[in-house]
Amino acid sequence: MPDYNPMLARRVVTDIGRTHNAIDGALKKLSMLTTDVLEAFGDAQLNDAMTQPVLEDIANGFSTIVAGRGAFVSAHQKLIEMKMDSNLRKVEIGCSIGPICPLPFVEEAQLREVA
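Calculation notes
- Residues numbered from 1 in each chain as written.
- Predicted model: local features only at pLDDT ≥ 70, side-chain atom pairs only at ≥ 80, totals over all residues.
- Heavy atoms only, no water.
- Helix = DSSP H or I, 4+ residues; strand = E, 2+ residues; numbered from the N terminus.
- Buried < 20%, exposed > 50% of the residue type's maximum accessible area, 1.4 Å probe, protein only.
- Contact = heavy atoms within 4.5 Å.
- Areas by Shrake-Rupley, 256 points an atom, 1.4 Å probe, with all protein chains shown as cover.
- Salt bridge = Lys/Arg side-chain N within 4 Å of Asp/Glu carboxyl O.
- Patch = residues over 30% accessible without salt bridge, like charges linked within 9 Å, V, L, I, M, F, W, Y side chains within 5 Å.
- Polar contact = N/O pair within 3.5 Å; in protein donor to acceptor, adjacent residues only side chain to side chain.
- Axes fitted to C-alpha atoms, helices over the stretch in contact; angles between N-to-C directions.
- Parallel < 35°, antiparallel > 145°, perpendicular 65-115°, else oblique.
- Left-handed = near helix turned anticlockwise from the far one by under 90°.
- Nonpolar A, V, L, I, M, F, W, Y, C, P; charged D, E, K, R; others polar.

A. Local environment of the overall build of the protein chain. When helices and strands are tallied, the protein chain shows two helices and zero strands. By the burial criterion, 17% of the 115 residues in the protein chain qualify as buried. Across the protein chain, contacts joining residues at least 24 apart in sequence account for 67% of those joining residues at least 6 apart. With an accessible surface of roughly 8800 Å², the protein chain has 58% of that area assigned to carbon and sulfur atoms.

Shown next, in the form of structure tokens:
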């Protein structure tokens, strides 16, 4: 079983969150850029044949970022699997509960009846 340093694991989790936010931010910015480019094309009254290659390149760039995001999500899931097979299995290191992160490990409470 791998023995990971919990403090380094927390840094990895923080960096993963920041990277997810950066990728999503890039997608938002590219969407806004696309809108601005279309508006500029309309304002300049450019013909469709002239603007088509630009729009295709923007769309390809968007697809590339989305594909990269998918690969990053896959890497994140693999890191979680590695964590679950390590000394950190029972340690919450900052991963938000959701479709990627499993429910946190909860130890069974030892209750006793008191009269």
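B. Main features of the pattern of salt bridges. In total, this model carries one salt bridge according to the counting rule given. Where aspartate 24 meets arginine 69, a salt bridge forms, and the shortest distance between an N and an O atom there is 2.5 Å. Here arginine 69 lies in helix α2 (residues 48-84) and aspartate 24 lies in helix α1 (residues 6-44), a separation of 45 residues in the sequence. Judged by its relative accessible area of 24%, aspartate 24 is partly exposed.

C. Structural detail: unusual backbone geometry. Its identity is not glycine, yet glutamine 45 carries a phi of approximately 55°, on the positive side. If you trace the backbone, glutamine 45 turns up in the loop between α1 and α2. Classification of glutamine 45 by relative accessible area gives exposed; the value is 71%.

D. Examining a nonpolar patch on the surface more closely. A cluster of nonpolar side chains, namely Val12, Leu79 and Met82, defines an oily patch on the protein surface of about 240 Å² accessible area. If you trace the backbone, leucine 79 turns up in helix α2.

E. The arrangement of the environment of isoleucine 80 in detail. Relative to the helices and strands, isoleucine 80 is located in helix α2. A relative accessible area of 11% places isoleucine 80 in the buried class. As a C-alpha pair, isoleucine 80 and valine 13 span 67 residues in sequence and 9.8 Å in three-dimensional space.

F. Layout of the side chain of serine 86. If you trace the backbone, serine 86 turns up in the segment after α2. Serine 86 gets classed as buried once you look at its relative accessible area, which sits at 2%. A polar atom in the side chain of serine 86 sits 2.7 Å from the backbone oxygen of lysine 83. A polar contact of 3.0 Å, which involves the side chain of serine 86, links it to the backbone nitrogen of leucine 88. Residues contacting serine 86, with those up to four places away along its chain left out, are Met1, Pro2 and Tyr4.

G. Molecular detail of the environment of leucine 27. Here leucine 27 is to be found in helix α1. Exposure remark for leucine 27: the relative accessible area of 12% places this residue in the buried category. Leucine 27 sits 42 residues away from arginine 69 along the chain, and the two C-alpha atoms are 9.7 Å apart. With residues near it in sequence (within four places) discarded, leucine 27 still touches Phe62, Ile65, Val66 and Arg69.

H. Representation of the packing of α1 against α2 within the structure. Two elements in contact, α1 and α2, have axes whose closest approach is 11 Å; the angle formed by their N-to-C orientations is 165°. Our classification of the angle between α1 and α2 gives roughly antiparallel. Note on packing geometry: the crossing formed by α1 with α2 is left-handed. Broken down by class, the residue content of the contact of α1 with α2 amounts to 17 nonpolar, seven polar and two charged.

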